[in-house]
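Chains, contacts and geometry: an overview
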Amino acid sequence: NLSDKLDKALHVLKGHGQITEINVAETLKEVRRALLDADVNFKIAKEFTNKVKEEAMGQNVLTSLQPGQLMVKLVKDELTELMGGEAEGINLSGTPSVILMSGLQGSGKTTFSGKLANYLKTKKNKNPLLVACDVYRPAAIDQLHVVGDQIGVEVFSDRGNTDPVAISEAGIAYAKANGFNVVIIDTAGRLAVDKQMMNEIATIHKAIQPQETLFVVDAMTGQDAVNTAKSFNDILNFDGVILTKLDGDTRGGAAISIKSVVNKPIKFIGTGEKMDAIDVFYPARMAERILGMGDVVSLVERAQEQFDEEEARKIQKKIAKNKFGFDDFLSQIQQIKKMGSLKDLMGMIPGAGKALKGLDIDDDAFKHIEAIIHSMTPEERSTPTSLNASRKKRIAKGSGTSIQEINQLLKQFDQMSKMMKMMQGGGGKKMMQMMGA
Ligand code: GDP
Ligand code: MG
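Reading the values: rules and limits
- Residues numbered from 1 in each chain as written.
- Chains lettered and ligands numbered in written order.
- Predicted model: local features only at pLDDT ≥ 70, side-chain atom pairs only at ≥ 80, totals over all residues.
- UniProt positions renumbered as here; feature names shortened; annotations may be inferred.
- Pairing = 2+ DSSP bridges.
- Helix = DSSP H or I, 4+ residues; strand = E, 2+ residues; numbered from the N terminus.
- Contact = placed C-beta atoms within 7 Å.
- Axes fitted to C-alpha atoms, helices over the stretch in contact; angles between N-to-C directions.
- Buried ≥ 20, exposed ≤ 12 C-beta atoms within 10 Å, placed from the backbone.
- Core = buried A, V, L, I, M, F, W, Y, C linked by C-beta atoms within 7 Å.
- Domains from an automatic or database assignment.
- Near = placed C-beta within 6 Å.
- Nonpolar A, V, L, I, M, F, W, Y, C, P; charged D, E, K, R; others polar.
- Parallel < 35°, antiparallel > 145°, perpendicular 65-115°, else oblique.
- Left-handed = near helix turned anticlockwise from the far one by under 90°.

The name an unreviewed UniProt entry gives the protein is Signal recognition particle protein, with Arenibacter antarcticus as the organism. Of the comments in the UniProt record for the protein, the one headed Catalytic activity (unreviewed entry) reads "GTP + H2O = GDP + phosphate + H(+)". For the record of the protein, the UniProt heading Sequence similarities (unreviewed entry) holds the text "Belongs to the GTP-binding SRP family. SRP54 subfamily."

Put into structure tokens, the structure is as follows:
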């Protein structure tokens, strides 16, 4: 997929001490190929890589960063631009504001209608009405009612009526008469683009003239998503895209393609089946996601400022030789404390989120940890396995802590050294690079 390809492309730079014109060109050729493979328009891909190249050549300020990281940052910044810069909201200026959903069957229109209603109600203080215009399946109307009940939002439906235009007009009239300030119209989709569906949505669109027409698309459908987006946009000239099902492995390559083909902003993303699984679309975050790197760049920047490179090099050697002990742990903690909250920092490392879940590092606990380590003998510090019951008892007394806390620290130490070893190999190499190695 796209992110693997970009990963690979950016790997070309690994091992080069300096960004030169040659390795930049090599990398960007790969990046361009990856973008083309993802069906990004040829011209856009070319413009994209040219821009990154220019930036890379002009960069002198950041030469202290790893060149690979610098390229990642440049590519990320450009990807962000390509996907639309700033996040764009929804037009809620009407009385009521009418929002029309469009998209294929199964793309997530009904689910997203509920999510959006819930979002507008709870976050934007709106009073939304949902209108059920999928007249082909009785189950579709039931589904919207279920969703409405879940979030406490009224649903307007008319089961005998098979004319979606009439239902949407009646729904809007009902909203006006009953003080609803947003109307969300859920429509029927089909499994593939066809004339009848297009005619129907175009007719509804023309009749009700919505403030906002949204195109909902399943991010997992890849290239099809782009073609579908184009078909709907040709007919509706929609205002924004909703990218659903981004909770799986999908890294969002569709976002680049759709944005570059229809040139409409992506407004929200769906990240699950539940009603609160909705997020405003932030191009920068999506760029990070596509590059699969968490917030590595800012972490690198902070680490660069704070970390004692000499110290980090020593520690890395020890980890490699399995000689990482409590003295090193202590010095790590002291370094990390200089950088800010440990949890925040670890959260920025891709993949560290999971490792952290079981690892309760709380910043206040540092004091106890330091006290415990200070109560150990040098031998105990370098060989944590030597801590038997009687030693633990002595240390607990000396540090004013409990055996429980010591056991917990041992567990944390163990997890941390495992994590560090893990980071040292493979994808986590970045972490060690950041530490100045
Ligand atoms: P519609 O035919 O366009 O109205 O699509 P639905 O709203 O009925 O959604 C189709 C299926 O996709 C349902 O099973 C939803 O639960 C599921 N779905 C919708 N949005 C998301 C999402 O963001 N993530 C996941 N994992 N599933 C979703
Ligand atoms: Mg539906």
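**Brief notes about the sheet that holds strand 5 (residues 212-218)**
Strand pairs in the sheet, formed through backbone hydrogen bonds, run parallel or antiparallel to each other. Ordered by their spatial adjacency, eight strands build an open sheet running 3-2-4-1-5-6-7-8, and the pairing between neighbours is mixed. In this open sheet, the two edge strands, each paired with only one partner strand, are strand 3 (155-156) and strand 8 (278-280). Pairing between strand 6 (residues 240-244) and strand 7 (residues 266-270): three bridges, direction parallel. Residue Val241 lies in a different strand from strand 7, and its bridge partner there is Ile266. Lying on the sheet, helix 5 (residues 109-123) is in contact with strand 1 (97-102), strand 2 (128-133), strand 4 (182-187), strand 5, strand 6, strand 7 and strand 8; it crosses strand 4 at an angle near 170°. Set on the sheet, helix 6 (residues 138-151) makes contact with strand 2, strand 3 and strand 4; between it and strand 2 the angle comes to about 165°.

**Considering the pairing of strand 1**
With six of six residues buried, strand 1 lies mostly within the body of the structure. Sheet analysis places strand 1 next to strand 4, joined by four bridges and oriented parallel. Within strand 4, the residue paired with Val98 across the bridge is Val183. Taken together, the four bridges between strand 1 and strand 5 define a ladder with parallel strand orientation. Looking across to strand 5, one finds that Leu100 is bridged to Thr213.

**A look at the nonpolar core**
If you look at soluble globular proteins, the nonpolar side chains tend to sit buried side by side. In terms of nonpolar packing, the biggest core is built from 78 residues, with Leu130, Val131, Val183 and Leu243 touching the most fellow members. When residues in this core are grouped by element, the largest group, seven residues, is from helix 4 (residues 67-82). Both domain 1 (2-82) and domain 2 (97-291) contribute no fewer than three residues apiece to this core. Setting aside residues no more than four positions away along its own chain, Val183 makes contact with Pro96, Val98, Ile99, Leu129, Val131, Gly171, Ile172 and Ala175. Within the second largest apolar cluster, nine residues are counted, among which are Ile369, Ile372, Ile373 and Ile406.

**Some points on the UniProt feature "domain: SRP54-type proteins GTP-binding" (unreviewed entry) in the protein**
The positions UniProt marks with the feature "domain: SRP54-type proteins GTP-binding" (unreviewed entry) are residues 265-278. Along residues 265-278 one finds 0% helix and 43% strand; the C-alpha atoms at either end are 16 Å apart.

**Regarding the site of ligand 1**
Taken together, 17 residues sit near ligand 1, with Gly108, Lys109, Thr110, Thr111 and Gly270 positioned nearest. Of the residues contributing to the shell around ligand 1, the split by class is one nonpolar, twelve polar and four charged.

**So, the packing of helix 7 (residues 164-177) against helix 8 (residues 195-208)**
Relative orientation and spacing of two packed helices are given, respectively, by the angle between their axes and the distance between those axes. The contact between helix 7 and helix 8 brings their axes to 9 Å, and the two run at 30°. The orientation of helix 7 with respect to helix 8, classified from their angle, is roughly parallel. By crossing handedness, the relation of helix 7 to helix 8 is classed as right-handed. Side by side, helix 7 and helix 8 meet where Pro164, Val165, Ser168, Glu169 and Ile172 of the first sit next to Glu200, Thr203, Ile204, Ala207 and Ile208 of the second. Here the residues of the contact of helix 7 with helix 8 are counted per class, giving six nonpolar, two polar and two charged.

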